[in-house]
Amino acid sequence: MEAIIMPALGQTSEEAHILEWLVKEGDEVEMGQPLLNVETDKAELEVECVADGVLLKIVCEAETTVNAGTVIAYIGEPGESVPTE
Amino acid sequence: MSQSTNTLQQDALSAEESLHLLEEMVLIRQFEQTAYLRYLQGEIPGTLHQSQGQEAVAVGVCSLLRTEDWITSTHRPHGHALAKGLDPAAGMAEIYGRETGCLGGRGGSMHLGDPALGILPSIAIVGGGITIAPGLAHALKYKETDNVVVCFFGDGAVNEGAFHEGVNYAAAFNLPVIFVCENNMYGASTPFHETTRNINVASRGAAYGIPSEQADGMDIRAVREATERALLTARSGKGPVLLEFLTYRYVGHSRGDARGYRTKDEEAIWTAKDPIKTFGAAIVDEGIASEDQVKEATKRAKKRIAEALKHAQQAPWPDPVAALAPNIIFGNPPQKVEGAGPLEEGPDEDRYITIADSIRETLHSELGTDQSLVLLGEDIGVPGGFGGAFGVYQGLAEDYGRHRVIDTPISEKAIIGAAVGAAIGGLRTVPDLQYADFVFEAMDELVNEAAKQRYMSNGKLTIPMVLRCPVGATQRGAQHAQHPESFFMHVPGIKVLCISDPYTAKGALTAAIRDDDPVMVFEHKLLYGAKKRQEAGSINTRAYVPEENFVLPVGQARVRRRGKDATIVATFTELYKALELAEKLSAEGIELEVIDPVWLSPFDWGTVMESVRRTGRLVIAHEAHLTGGWGAEVSARVSDELFADLKAPVRRVASRDIPMPFSPPLEAAVLPLAEHLETAVRDILSPDHTRSDKE
Ligand SMILES: Cc1ncc(C[n+]2csc(CCOP(=O)(O)OP(=O)(O)O)c2C)c(N)n1
Ligand SMILES: [Mg+2]
């Protein structure tokens, strides 16, 4: 299982605002695929998927603002259990 | 400029070959993409310079090379290294900074390499490899192989002086180097066309009289065709070739580059030429391979990178102690030595010789015993020429031939770069600089390359070379007078030898030549005793020197005179002033101990500390400038370690911090004089040791 963290994308700020998720829990995803759209101090950007597998859980929903380094989702094999908190 | 394309009948690539090339390109793309995404996840330290979009150049060129051929690469080396055979796991672990990385984590993303695979740890100084490649090629040619060196660099590098010196040097000596410029139109964010009037890099080949051509770097078949022609030239002894491949990097210069200096339209034009997609489609269209086969090749490459990633993520961090391992810093790490005593008298009147003669004898005899030794320099072997700036090389070319005593262009960067490259290729060289002042021309080759290659290669390379640098003021003004030895004491990885007498000249120079590390030898013009070049102020340093070569320990100081009242540590002319002063004060019952450190690095701390512990007093004397001179380091260490033993402050006598003027009375006003030394010694011997000279 892979914890996906919000990358540091901004020029001056650590914060990123999640605009929308482009995939939903249970979807198969692959490396390089756009997962979500975010807005930073710099621009609107896509965050790409860093692993192959199934999107097990979205931790940070759309319309939330998170710091770089925050776990935003988990990717893994179907049926794997996701850590709570 | 460009050669006709039909000199070489290229057979169509087989399905197997085509799929292999495709797989190798995908391997690089996937390596880069994976590293990029993992970097964003915070798993990779530092930064990354990546090569997505440039895969056809790396794979096209390297797929035609042998393991025994070498490549030099740049700050953007991932593709080159993988294409030349680096295991992706070793590459990924290296950029993760892990112990199992190809260089044990000493290099990282900008320094991938493995000498066993012919991949020089890549050089992150723009243009840095261009002066190294010719020397490496020289070694391959000297050993009578037909192996070649491929030197990769970007468009940014062609406006470096290194490009001019390196390409000209390779051309002058017909060396088997293929210079490969990956013109991706930008150096960092600056468009290439803003930096030069001549944006056609290939056309610059004409300036050096070498064949060159420009080709589409997005088309692996075009890359291979151009490379095959170049290899034909280089392998057959016809010398270097310059290739320019037009290409594009799809990503930012390094991490954190949002590419705001490029237009989306421009990026789209180049995205349409994607070297992987176009080649994959072409081989399917042409019926060379099936779509399934292309998919399979892609899958294989991705699987290899997935495994490499897993390896890197799980690999251990290096043990911090490994950073300090002496045998990684030096091929021959400094040993504990016992200081030598005063020079001995010899039985044979004829064997009292000058420093110049002693150096000549040493080189003559080492050339005779070591076939892998060559001398490099300006005016050293030309028949009827100078025999070196101070006549030291006279007769050597006649005895050993001009392929061993090599006259170079006036290209200091290229000379030192060639020495570093030749060392990597297994030769030993003694490059000569005429005047030490010229060393500043080649600081990059010395400090960034010679001093670093062993460490950066994780101890896989040794860089034996002995750079001769004549120093000292001899009424020639500010640019033929300097003492740069102190600069190099500051550089880990370089050894620094100062020759002040003929006996040490032979023993220490022999040791330096046989040593596996870069040694800079400083020799004072007024101490040579060369018949041809008598200078005002010359000092007679003749001493007994045995005829046969012998080796003195590296890092050994010499106590020239023993005494109990105060210690003087001095080099070159100041050493002789100190010996004279000791003689004079001896008549007054004051006994000075005079030490010639001989080596500034490694420094014989044991001998100096032992002496000062006994005498409790120290004066350091050198012709190098006072501020930041090597005496400052000695003073600091002695004051720190022997604070309780010192009976007076440590004093330094040196040239004033002023450029050396020409006119004799002006020169004398800047140089340290015998009276300064005497005053300093009398001061520290006086009961209140107050400073009596007025600065
Ligand atoms: C001597 C030197 N100057 C500047 C730099 C900083 N720097 C690193 S890469 C780069 C741009 C190099 O451009 P180019 O040679 O075209 O290679 P590319 O990055 O396009 O592959 C610069 C300026 C450096 N590493 N070395
Ligand atoms: Mg460039």
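Please read all numbers here as calculations on a predicted model, not as lab measurements. (Residues numbered from 1 in each chain as written. Chains lettered and ligands numbered in written order. Predicted model: local features only at pLDDT ≥ 70, side-chain atom pairs only at ≥ 80, totals over all residues. Heavy atoms only, no water.)

Trainee: Help me out: how do you make sense of the overall build of chain A in this one?
Mentor: Looking only at helices and strands, chain A has zero helices and eight strands in total. Listed N to C, the secondary structure of chain A is β-β-β-β-β-β-β-β in terms of helices and strands. Since a compact globule built from 85 residues should have a radius of gyration of about 12 Å, the 12 Å found for chain A is in line with a globular shape. With the C-alpha coordinates aligned to their principal axes, the bounding extent of chain A is approximately 40 × 25 × 20 Å. A total of 85 residues make up chain A; the buried ones form 36% of that total. (Helix = DSSP H or I, 4+ residues; strand = E, 2+ residues; numbered from the N terminus. Rg over C-alpha atoms; globule rule 2.2 N^0.38 Å. Buried < 20%, exposed > 50% of the residue type's maximum accessible area, 1.4 Å probe, protein only.)

Trainee: Which parts of the structure should I look at to understand the overall build of chain B?
Mentor: Helix and strand counts for chain B stand at 23 helices and 21 strands. On C-alpha atoms alone, chain B measures out to a radius of gyration of 29 Å, which is about the 26 Å that the 2.2 N^0.38 rule sets for 695 residues. Taking all 695 residues of chain B together, the buried fraction comes to 61%. For chain B, the proportion of contacts with a sequence separation of at least 24, taken over those separated by at least 6, is 79%. Summing over all exposed atoms, chain B offers an accessible surface of approximately 26,400 Å²; the carbon and sulfur share of this is 52%. Side-chain charges in chain B split into 68 positive and 93 negative, and the spacing between the mean points of these groups amounts to 2 Å. (Contact = heavy atoms within 4.5 Å. Areas by Shrake-Rupley, 256 points an atom, 1.4 Å probe, with all protein chains shown as cover. Lys, Arg positive; Asp, Glu negative; His and termini not counted. Charge placed at Lys NZ, Arg CZ, Asp CG, Glu CD.)

Trainee: Explain helix 23 (residues 674-685) of chain B here, please?
Mentor: All names here are of chain B. The end-to-end C-alpha distance of helix 23 is 17 Å, a good match for the 16 Å that twelve residues give at a rise of 1.5 Å each. Within helix 23, the full set of buried residues consists of Leu 677, Glu 678, Ala 680, Val 681, Asp 683 and Ile 684. Summarising the contacts, the buried residues of helix 23 are in contact with strand 17 (566-570), helix 19 (572-586), strand 18 (592-596), strand 20 (618-625) and strand 21 (651-655). (Expected span 1.5 Å × (residues − 1).)

Trainee: For this particular structure, what's the right way to read the interface of chain B and chain A?
Mentor: Frequently, the measure chosen for interface size is the accessible area that the parts lose on association. Taken together, the contacts link twelve residues of chain B with 14 residues of chain A. Across the interface of chain B and chain A, roughly 940 Å² is buried in total on both sides, 54% from carbon and sulfur atoms. Taken together, the links from chain B to chain A amount to one salt bridge. Among the salt bridges present, the one from Glu 2 of chain A reaches Arg 38 of chain B, with a minimum N-O distance of 2.7 Å. Where chain B touches chain A, the interface holds three residue pairs in polar contact (both at pLDDT 80 or more). (Buried area = accessible area lost by both parts, 1.4 Å probe. Salt bridge = Lys/Arg side-chain N within 4 Å of Asp/Glu carboxyl O. Polar contact = N/O pair within 3.5 Å; in protein donor to acceptor, adjacent residues only side chain to side chain.)

Trainee: Sorry, what's going on with the side chain of Glu 412 of chain B here?
Mentor: One can find Glu 412 of chain B in helix 14 (residues 412-424). Apart from residues no more than four positions distant in its own chain, Glu 412 of chain B is found in contact with Glu 165, Glu 378, Leu 433, Phe 438, Glu 441 and Ala 442 of chain B.

Trainee: Just checking my understanding: could you explain the environment of Glu 30 of chain A for this structure?
Mentor: Residues and elements named next belong to chain A. Note that Glu 30 resides in the loop between strand 3 (28-29) and strand 4 (34-39). A C-alpha to C-alpha distance of 16 Å links Glu 30 and Ile 58, two positions 28 residues apart in sequence. In this view, Glu 30 contacts Cys 49, Ala 51 and Asp 52; residues no more than four positions away in its chain are not counted.

Trainee: Where do I start with the domain arrangement of chain B in this structure?
Mentor: By the assigned domains, chain B splits into domain 1 (2-315), domain 2 (349-544) and domain 3 (562-685). In this structure, domain 1 of chain B and domain 3 of chain B have C-alpha centres spaced 54 Å apart. (Domains from an automatic or database assignment.)

Trainee: When you look at the site of ligand 1 in this model, what are you seeing that I'm missing?
Mentor: All names here are of chain B. Around ligand 1, a shell composed of 15 residues is seen, among which His 75, Arg 76, Ala 124, Gly 156 and Asn 184 lie nearest. The separation between an oxygen atom of ligand 1 and a polar side-chain atom of Asn 184 is 2.8 Å. Class assignment of the residues belonging to the shell around ligand 1 gives a composition of six nonpolar, six polar and three charged. (Near = heavy atom within 4 Å. Nonpolar A, V, L, I, M, F, W, Y, C, P; charged D, E, K, R; others polar.)

Trainee: Just checking my understanding: could you explain the packing of helix 1 (residues 15-40) of chain B against helix 2 (residues 55-62) of chain B for this structure?
Mentor: Packed helices, taken two at a time, are described by the angle between their axes plus the distance between the axes. All names here are of chain B. Between helix 1 and helix 2, the shortest axis-to-axis distance is 9 Å and the interhelical angle comes to 135 degrees. When the axes of helix 1 and helix 2 are compared, the pair comes out oblique. Where helix 1 crosses over helix 2, the two elements pack in a sense that is right-handed. Seen from helix 1, the contacting residues are Leu 21, Glu 24, Met 25, Ile 28 and Arg 29; seen from helix 2, they are Glu 55, Ala 56, Ala 58 and Val 59. For the contact of helix 1 with helix 2, the residue count by class is six nonpolar, no polar and three charged. (Axes fitted to C-alpha atoms, helices over the stretch in contact; angles between N-to-C directions. Parallel < 35°, antiparallel > 145°, perpendicular 65-115°, else oblique. Left-handed = near helix turned anticlockwise from the far one by under 90°.)

Trainee: What's the story with the pattern of salt bridges in this structure? I'm lost.
Mentor: Opposite charge on two side chains lets them pair, provided their charged atoms get close. Residues and elements named next belong to chain B. Taken as a whole and judged by the stated rule, the model has 41 salt bridges over all chains. The residue Arg 468 makes a salt bridge to Glu 523 at a minimum N-O spacing of 2.7 Å. One end of the pair, Arg 468, is in strand 12 (residues 465-471); the other, Glu 523, is in strand 14 (residues 518-524), with 55 residues separating them in the sequence. The class of Arg 468 is buried, set by a relative accessible area of 1%. Owing to a relative accessible area of 0%, Glu 523 belongs among the buried residues under this scheme. The closest approach of N and O atoms between Arg 637 and Glu 633, which form a salt bridge, is 3.2 Å. Taken together, the residues Arg 637 and Glu 633, both in helix 21 (residues 630-641) and four residues apart, mark about one turn of the helix. Among the charged side chains, a network of salt bridges with common partners joins Glu 23, Glu 24, Arg 300 and Arg 304.

Trainee: Just checking my understanding: could you explain the sheet that holds strand 18 of chain B for this structure?
Mentor: The strands making up a sheet associate through backbone hydrogen bonding, with each pair oriented either parallel or antiparallel. Residues and elements named next belong to chain B. Read across the sheet, five strands follow the order 16-18-17-20-21 without closing on themselves; strand pairing throughout is mixed. In this open sheet, the two edge strands, each paired with only one partner strand, are strand 16 (558-561) and strand 21. In this sheet, adjacent strand axes meet at a mean angle of 25 degrees when their direction is disregarded. The pairing of strand 16 with strand 18 spans three bridges and is antiparallel. Across the sheet, the residue bridging to Arg 558 is Asp 596, located in strand 18. (Pairing = 2+ DSSP bridges.)

Trainee: Explanation requested: the packing of aromatic side chains in the structure shown.
Mentor: How two aromatic rings sit relative to each other is set out by the distance from centre to centre and by the angle between their planes. Residues and elements named next belong to chain B. Scanning all chains against the criterion turns up 14 aromatic pairs over all chains. Geometrically, the ring pair formed by Tyr 435 and Phe 438 is tilted, given 5.6 Å between the ring centres and 50 degrees between the ring planes. You'll find Tyr 435 and Phe 438 in the same group, each marked buried. For the ring pair Phe 440 and Phe 487, a centre distance of 5.3 Å and an interplane angle of 70 degrees mean the geometry is edge-to-face. Taken together, the residues span a long stretch of sequence, with Phe 440 in the loop between strand 11 (428-431) and helix 15 (443-450) and Phe 487 in helix 17 (residues 485-489) at a distance of 47 residues. Phe 440 gets classed as partly exposed once you look at its relative accessible area, which sits at 31%. Here the aromatic residues Phe 390, Tyr 435, Phe 438 and Tyr 528 are joined through ring pairs into a cluster of three or more. (Phe/Tyr/Trp six-rings, centres within 6.5 Å; stacked < 30°, edge-to-face > 60°.)

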